[in-house]
Amino acid sequence: MTSVAATAHGAHAHHDDRSFVRKYIFSTDHKIIGIQFLFVSLFFLLVGGLLAMQMRWQLGFPGQPMPGGGVLPETMAPGGVILPEYYIQLVTMHGTFMVFFAIMPLLVGVFANFLIPLKIGTHDMAFPRINMWSFWTFFIGGLIMLSSLFVPDGAARAGWTMYAPLSARHDYSGASIGQELWSVSIIFVGLSSILGSLNYITTIINNRAPGMTWFRMPLSVWSLFITAILGLLALPVLSGAAIMLLFDQTIGTHFFDPAAGGQALLWQHLFWFFGHPEVYILILPAMGMVSDIISNGSRKPIFGYHSMVFAIVAIAFLGWIVWGHHMFVSGMNPTLGSSFMVSTLVIAVPSAVKTFNWMGTMWRGNLRFHVPMLHAVAFVAMFVIGGLSGIFMAATPVDMQIHDTYFIVAHLHYVLFGGSLFALFGAIVYWYPKMFGRMMSERWGKVHFWLTFIFYNCTFFPMHITGMAGEMRRLYDPNQYTFLQPLQPIRVFISISAFLLFATQLIFFVNFWWNLWKGEKAPQNPWEDNGLEWSLPSPAPHGNWEKVPTVYRGPYEFSSPQSTEDYLPQYTKLPTDREPARAPVAGH
Amino acid sequence: MTQAAATVDQMLPPYPAERGLDVYNKKLGMWVFLASEVMFFAALIGTYVILRFGATGEWAKPGIVLNIKITAFNTFLLICSSVSMVKAYAAIQDGDPKKMRFWLLMTILGGATFVGIQVYEYIHLVEHGFVPSGVREGSELAALVANGTLPAATMGLYGSTFFTMTGFHGFHVTCGVISMTYLYLTKALPGKYSKQDYGGIETVGLYWHFVDLVWIILFTIVYLI
Amino acid sequence: METAHKRPNYILIWVYLAVLTAAELALAFELPISRNLKLLLLLFLAVWKAALVGLFFMHLKFERWNLRIMALIPLPLAVIFILAGMSEHIW
């Protein structure tokens, strides 16, 4: 049997004489672009968090001056006391920044860019320059959105879902240029996403290394591939809608203006036709990376690899015909509503398949609870809770009661934070060695994980309760309703937990930044994993391999009898392996 | 192996890879991009259909606000430019760069003329009082609304949808003309295309045919119905 | 790669497209038929023209089936969206 000393296909970087600017700023190297997305998105995650902290101050300690609130203008928070007009901006921009500038780019912009060429065995993306444009359009969109916080009359304030005609008319919302800037920024984000998807799809279809057949691709790559297709087809609809909204806001068109024959519900249909595939974009890559990490942490092949692939495809496919479940109380056609109820209940099935498969993978595995594994297992548990609350909403009659309450807020935070963000923390720790050549601190990683897990659940679980009790979302002052006044202690508890949760993230940020310079130098394959990227030195060099590796097996050969180690990389050739059939050349 | 397949193989790189879709990257990339463009126009055209279908009240009859004759000619022109594009592609496939350059130039001229006529049409419409928000007060068309030839209730939607759909289509045509001109000047004229390497022509050709295809749909549903 | 095929007669396709366009104009303005029938026929003609461009100019007829599927995937999505939006006005 062959000892699995990593057969170093990782050749040294060929002599790289690009300038600093071409190497790190206007780079076409997918790894650098991924890291650029990482740094910028982490910044926007911080922005989104700060906005949320202000919201929680108002909800926990209404009418009281906020510490540090003195820096805010008098029109937003006189004497540090948050005004309703400002509160609704906080709500809107928190959602906007988190969805479009934090979670989506962290999952797709970072990991699709960084992982895909490495995990399928090619030098770079199919269109490296378009890839660079994808980052810079995202960056411009982010700057525009950030600027909207500082313009006269403030930022957009119709919720991240920007319902029209509230969002279309300045006399309804009270905002002016802030609303337009939102639309313009989103158009840039859409463009960035489409350019990125173009690259990911073409690269995965055409540039896989010899032997990397479709069913030998890791689930992280499968999920990023399917996500790219969703993004490719959904973001243009958002761009179209944002353009029409911008026109309603600026040149006097009437798409969403009922007074002139327009339809308010049209905006909702357009937005959610994009919006539902968008939420699958926000979860599928997380699921894929969690699969890789759980398999590694269990030292077992992923349970039911093929069904995992089909489940991803099924979720993506069904995701196109469920969007109306966001509109059950809008007054839409009830028959249409019922059809959406059915399709939404059905989409729970493939998600459940994945959950059972993760459990099956861990069952009787040789479990290693390294930091990524902790996060991945927490993902499964939190995602189950979020998914179960989703079933409540899928049933239209129940949704009539809980729509636009904190029950929804709890659901979305369980899947987006408990789900996507936990998966992201795990993924960042997992691939940090390959990105930066250093290890993050295992001890502080565990401290961060446990504190985050506790404070996160303290923050969001009670929202299920207040939501069921009828507390509405996006509401500045719940205490104006006598039936919500008794819930104030819970609101205080949530706010304090949220402050502690935010403070805890400091540990992650320090762990991340400190170890970039002072971290322990990373070995080539610190997690003893099978993917192609672990055949390269840490960090991976420009151009990846001089000669692309050949692939002899799938990515989850842990505890294989053919190997002396408990892992067997995809690129290791055993005496019994045959070379892949001479493939006709494809690519470029 | 046919002539076409042999040349395509030479557009592929020398390093080995799994068999993908048997279509070189630039072309596959363009098809993927076109799929996203279909969704973009679906949002705009879908909005038009939904707004018009749901409008309470009549929609303006075809031919009253918009000039059918000029637009029909423009449609024909765009179709011709699609033919000249595919002839340019066929020429370079046969290894005749001179003929390819001729047909590519014809395509660029056809496309530029299309845009020119569209711009002329827009100026004309605005002068007569048709704007994205509907009909301008005190204009020629406002008189038609007053005497009932044009329905007051839906003119706002008519303007909104017309200018958005045709405007973005015109924007896409313009981008196509610019791209083709760029390729003409930087690759076609210096003789960089050959029987072995004509991927750029095929790729821009696909985009151009797509733009023509969208117009075929738009002309029918915006001008004729 | 494209399957071995004889090159289509592009000029002939051009003639078809011209004839279909003329037919559309005649249908829209000359023929005295009911509005719904006119709508249906015009849409049919437009789709036919679009298909000619797609199949012959864009060579979809000669590409592999999976490229054809990829090109066609957005269409059912567009139809679903439009039908759903329209259904708001028929209840």
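I will try to describe carefully the structure that is included in this document. Not measured: the values here are computed from a predicted model.

### A look at a nonpolar patch on the surface
Residues and elements named next belong to chain A.
Then, number 1: On the surface, a nonpolar cluster with roughly 480 Å² of combined accessible area is contributed by L345, L388, I391, F392, V398 and M468.
Then, number 2: Tallying contributions element by element places helix 12 (residues 371-394) first for the nonpolar patch, with three residues.
Then, number 3: Its location among the elements puts F392 in helix 12.
Then, number 4: By relative accessible area, which is 40% here, F392 ends up partly exposed.

### Some remarks on the nonpolar core
Then, number 1: With 283 residues, the main nonpolar core has F100, F111 and F379 of chain A together with L104 and F130 of chain B as its most contacted residues.
Then, number 2: The dominant element in this core, judged by the number of residues it contributes, is helix 3 (residues 84-120) of chain A, at 25 residues.
Then, number 3: In contact with F111 of chain A, not counting residues within four places along its chain, are L106, I116, L224, M289, L424, A427, I428, W431 and M435 of chain A.

### Some remarks on the packing of aromatic side chains
Then, number 1: Applying the stated rule across the entire model yields 91 aromatic pairs over all chains.
Then, number 2: A centroid spacing of 6.0 Å and a plane angle of 35° characterise the contact between F135 of chain A and F139 of chain A, whose relative ring orientation is tilted. One end of the pair, F135 of chain A, and the other, F139 of chain A, are both in helix 4 (residues 128-147), four residues apart, so they sit about a helical turn from each other.
Then, number 3: What makes F135 of chain A buried here is its relative accessible area of 3%.
Then, number 4: F139 of chain A sits in the partly exposed class, given a relative accessible area of 27%.
Then, number 5: Ring geometry for Y456 of chain A against F460 of chain A: centres 5.3 Å apart, planes inclined by 50°, an arrangement best described as tilted. Remark: F460 of chain A and Y456 of chain A occur in helix 15 (residues 442-468); sequence separation between them is four residues, near one turn of the helix.
Then, number 6: Judged by relative accessible area, which is 8%, F460 of chain A ranks as buried.
Then, number 7: Among the aromatic residues, those joined into a cluster by ring pairs are Y48, W59, F114, Y122, F130, Y158, F162, F163, W215, F219 and Y223 of chain B.
Then, number 8: In this arrangement the basic side chain of R169 of chain A is found over the ring face of Y172 of chain A, its NZ or CZ atom lying 4.3 Å from the centre.

### Details of the interface of chain A and chain B
Then, number 1: On the chain B side, the residues contacting the 46 residues of chain A number 37 residues.
Then, number 2: Between chain A and chain B, the buried area comes to about 3,600 Å², and carbon and sulfur atoms account for 69% of it.
Then, number 3: Remark: the boundary between chain A and chain B carries zero salt bridges.
Then, number 4: Along the contact surface separating chain A from chain B lie nine residue pairs in polar contact (both at pLDDT 80 or more).
Then, number 5: In terms of residue count, the dominant contributor to the side of chain A that touches chain B is helix 7 (residues 219-250) of chain A (nine residues).
Then, number 6: Of the residues in the side of chain A that touches chain B, the class split is 28 nonpolar, 17 polar and one charged.

### A look at empty space enclosed by the protein
Here the idea is plain: a probe the size of a water molecule rolls over the atoms and shows the empty space left.
Then, number 1: Enumeration over the complete set of coordinates arrives at five cavities of 30 Å³ or more.
Then, number 2: Put simply, the largest cavity is a space of about 170 Å³.
Then, number 3: As for the largest cavity, its lining consists of 18 residues, and the residues nearest its centre are M104, V108, G109, S192 and S193 of chain A.
Then, number 4: Elements with a minimum of two residues in the lining of the largest cavity: helix 3, helix 4, helix 6 (177-206) and helix 7 of chain A.
Then, number 5: It is helix 6 of chain A that provides the largest number of residues to the lining of the largest cavity, a total of six residues.
Then, number 6: By residue class, the composition of the lining of the largest cavity is 10 nonpolar, eight polar and no charged.
Then, number 7: Together, M85, V86, Y89, I201, E202, G205, L206 and H209 of chain B together with F57, M58 and H59 of chain C line the second largest cavity.
Then, number 8: Every element with two or more residues in the lining of the second largest cavity is listed here: helix 3 (68-93) and helix 7 (199-224) of chain B.
Then, number 9: Of all the elements, helix 7 of chain B adds the most residues to the lining of the second largest cavity, at five residues.
Then, number 10: Tallied by class, residues from the lining of the second largest cavity come to seven nonpolar, three polar and one charged.

The rules behind the values
- Residues numbered from 1 in each chain as written.
- Chains lettered and ligands numbered in written order.
- Predicted model: local features only at pLDDT ≥ 70, side-chain atom pairs only at ≥ 80, totals over all residues.
- Heavy atoms only, no water.
- Patch = residues over 30% accessible without salt bridge, like charges linked within 9 Å, V, L, I, M, F, W, Y side chains within 5 Å.
- Areas by Shrake-Rupley, 256 points an atom, 1.4 Å probe, with all protein chains shown as cover.
- Salt bridge = Lys/Arg side-chain N within 4 Å of Asp/Glu carboxyl O.
- Helix = DSSP H or I, 4+ residues; strand = E, 2+ residues; numbered from the N terminus.
- Buried < 20%, exposed > 50% of the residue type's maximum accessible area, 1.4 Å probe, protein only.
- Core = buried A, V, L, I, M, F, W, Y, C linked by side-chain atoms within 4.5 Å.
- Contact = heavy atoms within 4.5 Å.
- Phe/Tyr/Trp six-rings, centres within 6.5 Å; stacked < 30°, edge-to-face > 60°.
- Lys NZ or Arg CZ within 6 Å of the ring centre and 35° of its normal.
- Buried area = accessible area lost by both parts, 1.4 Å probe.
- Polar contact = N/O pair within 3.5 Å; in protein donor to acceptor, adjacent residues only side chain to side chain.
- Nonpolar A, V, L, I, M, F, W, Y, C, P; charged D, E, K, R; others polar.
- 1 Å grid on protein atoms, 1.4 Å probe; cavity = no way out; pocket = protein on both sides within 12 Å on 5 of 7 lines; lining within 4 Å.
- Points joined across faces, edges and corners; volume = space filled by probe spheres on them.

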